[in-house]
Amino acid sequence: MAAYLEQIVELKGHTDRVWSVAWSPTGKVLASCGGDKTVRLWVPVSDANPSEWICTHVLEGSHKRTIRNISWSPDGRQLSTASFDALTGIWERDESGEFECVATLEGHENETKAVSWSSSGTLLATCGRDKSVWIWEVTSDNDFECLSVLQEHTQDVKMIMWHPTKELLASASYDDSIKIWREDDDDWYCSDTLEGHDSTVWAIDFDKTGEYLVSASDDKTLKFWRCYYPNNQEGIVTVRNEPKWKCVCTLSGYHQRCIYSVSWSKVHGCIASGSGDNTIRVFKEDEPSISSTLNGISGTTTPNFSLVASISSAHGIADVNRVQWYPTEEHSDWLASAGDDGVVRIWRFVEKN
Amino acid sequence: MSEQVLTSKLINANPTIYTPSKTSHRVLTEQDEKEDIEDLIDAQEVFDLIRSVTDPEHPLTLEELNVTQLEHVTVNDKDNRVSIEFTPTIPHCSMATLIGLCIRVRLLRSLPERFKVDIMVRKGTHQSEQAVNKQLNDKERVAAALENTHLLEVVNQCLSTAGFRGEPIIR
C-alpha cells in the first residue's frame, strides 16, 4: 500500500517563525502563533474548495513577546495563548464573532511554553521555563483560580497535554523526562515519571483511548508508552496502586535532527512527526501478525509502527515546529504544519491500495 | 542565559593571548575571483565570520584567546551542516554560554538560512560541557534569550568587531 502527503494550501501572513498551530475542536478554524507575537485564524473560503483559505482574525497587542503555543477550549469559544512574556492569555469570541482578550493569567516567573485545556473544559494547565506546571480551575465569568503549582521537573517544562477523557495530565521536559499528574481529593501529584529519552522531550500526544502516549525528543527518537493498571495480566509491576507507564516501542533512524512535534490522530490512529531536519513523517501501527492473533495474544503483544509517508523539505530549508491532525472525521486526512519559514501548511494524507 | 552577563568581576583576569597566524587568512585563487562560479561555504569562510567576535570580558577577539580555531570548524556545504567547537579559556568559565550564543547569533545573521548549525564546547574543556551544549542548541531557549533586550545588547557589543574577519582591529 502506498501513501503520501500532498499539499492542499500554504498560509502566509506571519512575519516571523510559526511556533504552533491548533485546529478548533470542530476543525472549522485553524489557529497559528509565533515569533511575531500574533495569533492568526484561518478558514477555507468555501467548503467546496479547500485550496483557498483566508485569514479572518489577527489577535495581537496582548503579548509583548513570542507566542509559543495555543490551545482551544473544548467548546471552541475560547482560545488560550502561552507567551515568552510569562503570561497566559484567554481570548473569547463575542457575539459579533470578534475575539477579545478577556483574561491574562500571571504566575510563571518567565517564559510560558505551553497551555492546554482539559477535555471537560473545567481545567487549564500551563508550563514554562521556571520548571513548573500550573493547574487552573475555570470558574464562571472568566475567573481562573490556580489549584496547584507542580514543581517536580528539574528543568524547563516544554509541553503539557491532557488525557483525551480523564483529568490526567502529561508534561514533557528539558530534563529528558515525562511526568504524569493526577488528582486525589483536590491534591495534584506526580503519579509516574517516564524515563528513557536521552535528551529534551519536546512534545507528547495521547492516542484516542488515552492508554498510549507518544513522545518526541531531541534524541531524534519517538517513544510509545503504554499504561498498565494495577494487577494487569501482563504482570507489569505497579507501585502504590498507581498505573505504570512503560515504553513499548522506540522509533529511531527516521529523523536526523531534533523532533519538535508529534500528533496522534484520534480518528485514524496515524502518527505524524515534524523535525529540525525539515521533514514530516507519518507512521502507522502494524497489523498484529496472524500467528499472534491465532494464539489469542493480540492486544497483549507490543505494538510496532512503520513509516508510511514522508515529506522532505516540508517548509523548504526550515525546521518543522509543529504538526497537528485535523480533529474530526470530516477531514481526518488533513494535517497542519508550522515552520521556521513563517508559513503554515495544510497537507492531505493519501492512502492508496 | 542572562544572569551570567550581569557579573562584573572578571572570571579570567589574565588570559593567554595568541597571535593570529597569518597563514590562516584565505588566499584568493583564480577560481574564487570568477564571478560565474558559486563559492561554496567552507570552514575558512565560517571561521572568518566568527574569529573577530570580541570576548564578553576582554577587549580581545575569540581568535586571540584561542577560543575559536579554524581546525574546530566543520562545514558540509552539500548537506547544509556547520559544526563549531569552541574552547573556553578556563574550564569553569561562566561566560561559555554567552560566547556560544554570540557565535550562534553571528552565524544566524550571516550564513545562508539553509545551514543547520551545531555549536559545542570542545570535549573536555569545560566542567559543565553538557549543560552548556544543550542550552546552546535548544532553539527555543536561544529565541527567548534574544528577546531579552539587555542580553541582546551584550551580544551586539561582542559582535560589533566581527566584521574585521581576522584583520587588526582598530578600537
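Cut-offs applied
- Residues numbered from 1 in each chain as written.
- Chains lettered and ligands numbered in written order.
- Predicted model: local features only at pLDDT ≥ 70, side-chain atom pairs only at ≥ 80, totals over all residues.
- Heavy atoms only, no water.
- Helix = DSSP H or I, 4+ residues; strand = E, 2+ residues; numbered from the N terminus.
- Buried < 20%, exposed > 50% of the residue type's maximum accessible area, 1.4 Å probe, protein only.
- Contact = heavy atoms within 4.5 Å.
- Pairing = 2+ DSSP bridges.
- Axes fitted to C-alpha atoms, helices over the stretch in contact; angles between N-to-C directions.
- Salt bridge = Lys/Arg side-chain N within 4 Å of Asp/Glu carboxyl O.
- Polar contact = N/O pair within 3.5 Å; in protein donor to acceptor, adjacent residues only side chain to side chain.
- Nonpolar A, V, L, I, M, F, W, Y, C, P; charged D, E, K, R; others polar.
- UniProt positions renumbered as here; feature names shortened; annotations may be inferred.
- Left-handed = near helix turned anticlockwise from the far one by under 90°.
- Core = buried A, V, L, I, M, F, W, Y, C linked by side-chain atoms within 4.5 Å.

With that settled, consider the overall build of chain B. Helices and strands together make up the secondary structure of chain B, namely six helices and three strands. Mapped in sequence order, the helices and strands of chain B form the string α-α-β-β-α-β-α-α-α. Going through the 171 residues of chain B one by one, you find that 47% of them count as buried. Across chain B, every contact between residues at least 6 apart in sequence was considered, and the portion connecting residues at least 24 apart equals 70%.

Residue and element names in this part refer to chain A. Taken together, the four strands give an open sheet; going across it, the order is 1-28-27-26, and neighbouring strands pair in antiparallel fashion. Two strands in the sheet have a free side with no partner beyond their single neighbour: strand 1 (2-12) and strand 26 (320-325). Going from strand to strand, the sheet's axes swing by 25° on average, the running direction of each strand aside. With five bridges connecting them, strand 27 (residues 334-339) and strand 28 (residues 343-352) associate as antiparallel partners. By the bridge assignment, Leu 335 is partnered in strand 28 with Trp 347.

With that settled, consider the interface of chain A and chain B. The interface is formed by 27 residues belonging to chain A together with 18 residues belonging to chain B. Taken together, the links from chain A to chain B amount to eleven salt bridges. Ionic pairing is found between Lys 158 of chain A and Glu 140 of chain B, a salt bridge with its closest N-O pair at 2.6 Å. At the junction of chain A and chain B, the tally comes to 19 residue pairs in polar contact (both at pLDDT 80 or more). Here the residues of the side of chain A that touches chain B are counted per class, giving seven nonpolar, eight polar and twelve charged.

Take the UniProt feature "domain: MIP18 family-like" (unreviewed entry) in chain B next. On the UniProt side, "domain: MIP18 family-like" (unreviewed entry) is annotated at positions that read residues 44-119 of chain B here. Along residues 44-119 of chain B the backbone is 29% helical and 18% strand, and the end-to-end C-alpha distance reaches 16 Å.

Attention now goes to the packing of helix 2 (residues 43-50) of chain B against helix 3 (residues 96-110) of chain B. Residue and element names in this part refer to chain B. The geometry of helix 2 relative to helix 3 is characterised by a closest axis approach of 9 Å and an angle of 115° between their N-to-C directions. Seen from above, helix 2 lies across helix 3 with right-handed handedness. Counting all contacts with helix 2, which are made through Val 46, Leu 49 and Ile 50, the residues of helix 3 involved are Ile 103, Arg 106, Leu 107 and Ser 110. Considered class by class, the residues forming the contact of helix 2 with helix 3 number five nonpolar, one polar and one charged.

With that settled, consider the sheet that holds strand 15 (residues 169-173) of chain A. Residue and element names in this part refer to chain A. Taken in spatial order, the four strands make up an open sheet running 14-15-16-17, and their pairing is antiparallel. Two strands in the sheet have a free side with no partner beyond their single neighbour: strand 14 (157-162) and strand 17 (187-194). Adjacent strand axes in the sheet meet at a mean angle of 25° when their direction is disregarded. Here strand 16 (residues 178-184) pairs with strand 17 via seven bridges, running antiparallel. Paired with Lys 179 across the bridge in strand 17 is Thr 193.

This part is about the nonpolar core. By size, the foremost hydrophobic cluster in this structure holds 45 residues, and its most contacted members are Ile 204, Leu 213 and Phe 224 of chain A. Among residues more than four places away in sequence, those in contact with Leu 213 of chain A are Ala 170, Ile 178, Leu 194, Ile 204, Asp 205, Phe 206, Lys 223, Phe 224, Trp 225, Trp 245 and Trp 264 of chain A. Counting 40 residues, the second largest nonpolar core, distinct from the first, contains Val 46, Met 95, Ala 96 and Phe 115 of chain B.

Turning our attention to the pattern of salt bridges. Per the stated rule, a full pass over the model turns up 33 salt bridges over all chains. Glu 10 of chain A serves as the salt-bridge partner of Arg 345 of chain A, at 2.7 Å between the closest nitrogen and oxygen. Of this pair, Arg 345 of chain A sits in strand 28 while Glu 10 of chain A sits in strand 1, placing them 335 residues apart in sequence. Notably, a salt bridge pairs Glu 140 of chain B with Lys 113 of chain A, separated by 3.0 Å at the nearest N-O pair. Remark: Lys 113 of chain A occurs in strand 10 (residues 112-117) and Glu 140 of chain B occurs in helix 5 (residues 139-145); the pair is interchain, linking two chains. The burial state of Glu 140 of chain B is the same as that of Lys 113 of chain A; both residues are buried. A network of salt bridges, in which partner residues are shared, links Arg 68, Lys 113, Asp 156 and Lys 158 of chain A together with Asp 138, Glu 140 and Arg 141 of chain B.

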